[in-house]
Structures are given as structure tokens and as C-alpha cells.
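A look at the structure
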Amino acid sequence: MCAEELKEFVRQNLFSTVPRPIGQKVIGCKWVFKTKLDTEGQIEHYKARLVAQGFSQIPRIDFDEMFMPVTHH
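Quick look at the structure, then.

The rules behind the values
- Residues numbered from 1 in each chain as written.
- Predicted model: local features only at pLDDT ≥ 70, side-chain atom pairs only at ≥ 80, totals over all residues.
- Heavy atoms only, no water.
- Pairing = 2+ DSSP bridges.
- Helix = DSSP H or I, 4+ residues; strand = E, 2+ residues; numbered from the N terminus.
- Salt bridge = Lys/Arg side-chain N within 4 Å of Asp/Glu carboxyl O.
- Buried < 20%, exposed > 50% of the residue type's maximum accessible area, 1.4 Å probe, protein only.
- 1 Å grid on protein atoms, 1.4 Å probe; cavity = no way out; pocket = protein on both sides within 12 Å on 5 of 7 lines; lining within 4 Å.
- Points joined across faces, edges and corners; volume = space filled by probe spheres on them.
- Nonpolar A, V, L, I, M, F, W, Y, C, P; charged D, E, K, R; others polar.
- Patch = residues over 30% accessible without salt bridge, like charges linked within 9 Å, V, L, I, M, F, W, Y side chains within 5 Å.
- Areas by Shrake-Rupley, 256 points an atom, 1.4 Å probe, with all protein chains shown as cover.

Regarding the pairing of strand β1 (residues 29-37)
Looking along a regular strand, one sees side chains alternate from face to face of the sheet. In the sheet, β1 pairs with strand β2 (residues 43-52) via nine bridges, with the strands oriented antiparallel. In the strand pairing of β2, V32 is matched with R49. Here β1 folds back onto β2, and the loop between the two strands holds five residues, one of which, G41, carries a positive phi near 85°.

Written out as C-alpha cells, the structure is:
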């Protein structure tokens, strides 16, 4: 699951590796796993997502701007 998700990141060119900024905190990440069930309660497939642990950041110290991708109808 994780390998497939990482391959998809690379295929879609979603991230790039950059040098660590001196004196800056690096945001951690973790894998979140979920089991998707069908209408009968049987396992349909498994999902894996890599999420950032942004809660470790302090506003105005670790970042100045915020961006929240939201859709409007």
C-alpha cells in the first residue's frame, strides 16, 4: 500500500526533495491506514495516506502564510 502511494506521488510529480533549511523545524509525517468496506460489510480494499503533522508548527514562528484547499459551490 505505502509503496503504491509513494509511486503515485512520484508519477504525478507531487513533491521534490530539497535541502533542510538551517535553523528551521522539519514537519514530520505519518501513514494513516483505512479499510474500506462494501455494502455487505466485506473488505473491499485498503487505503494508505501519508499525512503531514502540521500541529507541531507555531504560527508566526514556523510559518507566515496559510493555504487551505477548499471548494466553493
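Examining the pattern of salt bridges
All chains considered together, the criterion is met by one salt bridge. Close ionic contact of E8 with R11 constitutes a salt bridge, the shortest N to O distance being 2.4 Å. Highlighted residues: E8 and R11, both in helix α1 (residues 2-11), separated by three residues, approximately one helical turn. Relative accessible area serves as the criterion here: at 30%, E8 is assigned to the partly exposed category. Under the relative-accessibility criterion, R11 is labelled exposed at 60%.

Looking at the layout of surface pockets
Within this model, the largest pocket holds a volume of roughly 210 Å³. In terms of lining residues, the largest pocket is bounded by V18, P19, R20, P21, Q24, K25, V26, I27, G28, C29 and A52. Of the residues that constitute the lining of the largest pocket, the class distribution is seven nonpolar, two polar and two charged.

Describing a nonpolar patch on the surface
On the surface, M1, F33, L37, I43 and Y46 cluster together into a nonpolar patch covering about 540 Å² of accessible area. Of all the elements in the fold, those that place two or more residues in the nonpolar patch are β1 and β2. Take L37: it is sitting in strand β1. L37 gets classed as partly exposed once you look at its relative accessible area, which sits at 49%.

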